[in-house]
Amino acid sequence: MMLTDLTIAGMKRGLAARDFSATELATAHLSAMEQARGLNAFIVETPEIATAQAAAADAALARGNAGPLAGIPIGIKDLFCTESVQTTAGSKILQGFIPQYESTVSGKLLGAGAVMLGKLNMDEFAMGSSNETSAYGRVISPWKARNSNRELVPGGSSGGSAAAVAARLVAGATGTDTGGSIRQPASFVGISGIKPTYGRCSRWGVVAFASSLDQAGPMARSVEDCALLLTSMCGYDARDSTSLDVPVPDFAAGLTGDLRGKTIGVPKEYRLDGMDATIAALWEQGLAWLRDAGARTVEVSLPHTRYALPAYYIIAPAEASSNLARYDGVRYGLRVTPPGGNLADMYSATRAAGFGPEVKRRIMIGTYVLSAGFYDAYYTQAQRVRTLIARDFELAFEKCDLLLTPTAPSAAFAFGDKADPLAMYLNDVFTVPSSLAGLPAMSVPAGLSPDGLPLGLQIIGRPLDEAGVLDAGLAIERAAGFTARP
Ligand code: GLN
């Protein structure tokens, strides 16, 4: 077996047994990265940092005081500020921005001994479901459909993270999920990813998209690996006012995959008209697998589901328009000064040149729904709908412990296939409701489409029940025996 094929758990065992060193692990992954540059998964590669961190991990392992992730090669989504390493959020407006501090989450991973190989490409400011909006070029999925040579999207916005993990360039990666950006790309490339409860991971140092929704989480090739990363990423942080001050369990140690006594809800509103037959069948299969693991399944209702996408695409742009007001050419990255122009001219020219079309669309929608004449009609209404959606989940969780749904309505699509923004937004139909409610949710690879592309199933849990979500994920992983590779 190649070193790059190992799971994080396998790497930990091999490092502990001295089968290989952290330096050998880093070297193997750095050369895989070089050979896979065509995927465009990284915006910045950091081989010098990786080499130094791997040497430090080897020294700590030799001393016997290594952290829980010592020597594990990871990638960091370019939304996380990394000290002294360019952080762009996939945007031209932040080109050349070198943070002077480390985000809490990336700092915790590095503090646990992880080795950073680079900054992963993403949709600009995490807006997108296909990674086509990055100012640094699209990310290409390592997968191809059977009998087709078309290049496929890796999903988004954490598309670089997804492609790098699936192509075995890194063992795990950070993602962020505002409306599905960890789960949908994980589903598209056949890996696992979990968005924890809103507030579990600190947002400090994560470039803000929609602050009431943004949440960090891990992406990796097994449920156990997600659990290992998540344990190090979570935790209270006084610098984020929405950070939850609750104990963090050792998620990996607690994994059992045993669902005896658990009830799994099947939300009937997720059975969309015209739903892809393979996805509907896989969903049924997933329920059967969970029953085999000891669970009972029941139908539940989430009656406001159909209003989730419209509410999300008001709330997220509203918050984005406010968060993105800070990019004015004065403080960070790009500055465009038109000859003879004044300060306002510099603001406009910088923003016109620095933001891509999708980001501009969101800023305009967001500014519109927050404007004096339309605030109540759109923004206030969307906030009310959000409350109803959260209430739907509360009521459903009186009848069940977890929910099982598909992650996305399709397998990965080809570039340009969803050129209409609305068609793109519809891809988030199954992931957005749990984001609006702040619930933990995970995607696990469960099968293949008829043309051989990965499909994920989504598990949604009660607030702070990441452990329950991971257990159901493990039960699916074991039953599905997903071994397909790009
Ligand atoms: N695709 C969704 C959007 O474009 C979700 C993005 C995300 O979760 N960051 O807003």
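Residues numbered from 1 in each chain as written. Predicted model: local features only at pLDDT ≥ 70, side-chain atom pairs only at ≥ 80, totals over all residues. Heavy atoms only, no water.

Undergrad: Before we go on, may I ask you to explain the overall build of the protein in this structure?
TA: Secondary structure assignment for the protein yields 15 helices and eleven strands. Relative to the compact-globule value of 23 Å for 486 residues, the protein shows a C-alpha radius of gyration of 21 Å, a close match. Projected onto its principal axes, the C-alpha coordinates of the protein cover approximately 65 × 55 × 50 Å. Relative to its full complement of 486 residues, the protein shows a buried share of 60%. Considering only contacts within the protein whose residues lie at least 6 apart along the sequence, 76% involve residues at least 24 apart. Roughly 17900 Å² of accessible area belongs to the protein as shown, and the carbon and sulfur atoms make up 54% of that amount. Each charge class in the protein was averaged separately, 42 positive and 46 negative side chains, and the resulting centres sit 1 Å apart. (Helix = DSSP H or I, 4+ residues; strand = E, 2+ residues; numbered from the N terminus. Rg over C-alpha atoms; globule rule 2.2 N^0.38 Å. Buried < 20%, exposed > 50% of the residue type's maximum accessible area, 1.4 Å probe, protein only. Contact = heavy atoms within 4.5 Å. Areas by Shrake-Rupley, 256 points an atom, 1.4 Å probe, with all protein chains shown as cover. Lys, Arg positive; Asp, Glu negative; His and termini not counted. Charge placed at Lys NZ, Arg CZ, Asp CG, Glu CD.)

Undergrad: How do you make sense of empty space enclosed by the protein when you look at a structure like this?
TA: One water molecule sets the probe size; rolling that probe over the atoms shows where empty space is left. Enumeration according to the criterion identifies two cavities of 30 Å³ or more in this entry. Here the largest cavity defines a volume of roughly 90 Å³. When grouped by side-chain class, the residues that make up the lining of the largest cavity number five nonpolar, eight polar and two charged. Of the volumes computed, that of the second largest cavity is approximately 30 Å³. In terms of lining, the second largest cavity is formed by L79, T176, R203, V206, D214, Q215 and A216. A class-by-class count of the residues in the lining of the second largest cavity yields three nonpolar, two polar and two charged. (1 Å grid on protein atoms, 1.4 Å probe; cavity = no way out; pocket = protein on both sides within 12 Å on 5 of 7 lines; lining within 4 Å. Points joined across faces, edges and corners; volume = space filled by probe spheres on them. Nonpolar A, V, L, I, M, F, W, Y, C, P; charged D, E, K, R; others polar.)

Undergrad: Can you help me understand the site of the ligand in this one?
TA: Every one of the 15 residues lining the ligand counts as a neighbour, but T178, G179, S181, Y312 and R362 are closest to it. Within the side chain of S129, one N or O atom sits 2.8 Å away from a nitrogen atom of the ligand. If the ligand stood free it would expose 300 Å²; the protein chains cover 99% of that surface. Given that more than half its atoms are within 2 Å of the pocket grid, the ligand belongs to the largest cavity. Per-class residue counts for the shell around the ligand are five nonpolar, seven polar and three charged. (Near = heavy atom within 4 Å. Polar contact = N/O pair within 3.5 Å; in protein donor to acceptor, adjacent residues only side chain to side chain. Sits in = over half its atoms within 2 Å of the grid points.)

Undergrad: Can you help me understand helix 12 (residues 375–396) in this one?
TA: The periodicity of an α-helix, 3.6 residues per turn, causes residues three or four positions apart to be oriented the same way. Between its terminal C-alpha atoms helix 12 stretches 31 Å, which fits the 32 Å expected from 22 residues at 1.5 Å a residue. The sharpest bend along helix 12 reaches about 25° and sits at Q381. When helix 12 is considered as a whole, its buried residues turn out to be Y379, A382, V385, R386, I389, D392, F393 and A396. (Expected span 1.5 Å × (residues − 1). Bend = angle between axes of the 7 residues up to and from the residue.)

Undergrad: Even after reading the chapter, I still don't get the sheet that holds strand 11 (residues 454–461), so can you show me in this structure?
TA: Pairing is mixed in the open sheet, where eleven strands are placed in the order 1-3-2-4-6-5-10-11-9-7-8. Single-partner strands in this sheet number two, and they are strand 1 (42–45) and strand 8 (296–300). Along the sheet, successive strands turn relative to each other by an average axial angle of 30°, direction set aside. Bridging between strand 7 (residues 263–267) and strand 8 involves five bridges; their strand directions are parallel. Along strand 8, the bridge assignment pairs I264 with T297. (Pairing = 2+ DSSP bridges. Axes fitted to C-alpha atoms, helices over the stretch in contact; angles between N-to-C directions.)

Undergrad: Please clarify how unusual backbone geometry should be interpreted in this entry.
TA: In terms of backbone geometry, most residues other than glycine have negative phi values and most peptide bonds are trans. Backbone torsion omega between G156 and S157 reads 5°, so that peptide bond is classified as cis. Mapped onto the fold, S157 is located in the loop between strand 3 (115–120) and helix 5 (159–166). Residue F125 is not a glycine yet carries a positive backbone phi of 50°. Phi angles above zero are rare outside glycine, and L464 is one such case at about 70°. Tracing the backbone shows L464 in the loop between strand 11 and helix 15 (466–480).

Undergrad: Could you clarify how one ought to interpret the pattern of salt bridges in this entry?
TA: When charged atoms on two side chains of opposite charge get close, those side chains can pair. Inspection of every chain in the model, using the stated rule, returns 17 salt bridges. Ionic pairing is found between R138 and E151, a salt bridge with its closest N-O pair at 3.1 Å. Of this pair, R138 sits in the loop between strand 3 and helix 5 while E151 sits in the loop between strand 3 and helix 5, and the two are 13 residues apart along the sequence. The residue E394 makes a salt bridge to R391 at a minimum N-O spacing of 3.0 Å. In this pair, E394 and R391 both sit in helix 12, three residues apart, roughly one turn of the helix. R391 gets classed as partly exposed once you look at its relative accessible area, which sits at 43%. Ionic contacts of the salt-bridge type, sharing partners, join the residues D5, R168 and R485 into one network. (Salt bridge = Lys/Arg side-chain N within 4 Å of Asp/Glu carboxyl O.)

Undergrad: I tried to follow the pairing of strand 2 (residues 73–77) on my own but got confused; where do I start?
TA: In regular strands, side chains alternate between the two faces of the sheet. Summarising burial for strand 2: five of the five residues are buried, a large majority. Residues P73, G75 and K77 line one face of strand 2 and the alternating positions I74 and I76 line the opposite face, and both faces are buried. Since strand 2 and strand 3 lie parallel, the crossover through helix 4 (residues 104–111) that links them has a hand, and here it is right-handed. In this structure, strand 2 lies alongside strand 4 (residues 172–177), joined through two bridges in parallel fashion. By the bridge assignment, G75 is partnered in strand 4 with A173. (Right-handed = clockwise from strand over helix to strand, strands pointing away.)

Undergrad: Can you help me understand helix 11 (residues 357–370) in this one?
TA: Its 14 residues place the ends of helix 11 20 Å apart at the C-alpha level, agreeing with the 20 Å of an ideal helix rising 1.5 Å per residue. At its buried positions, helix 11 is contacted by helix 9 (308–323), helix 10 (343–354), helix 12 and helix 13 (421–426).

Undergrad: It is not clear to me how the layout of surface pockets should be interpreted in this structure. Could you clarify?
TA: As a volume, the largest pocket reaches approximately 460 Å³. Grouping the constituent residues of the lining of the largest pocket by class yields eleven nonpolar, five polar and six charged. In terms of lining, the second largest pocket is formed by 18 residues, of which the most central are Y101, V206, V207, A208 and R326. Among the residues making up the lining of the second largest pocket, the classes are represented as ten nonpolar, three polar and five charged.

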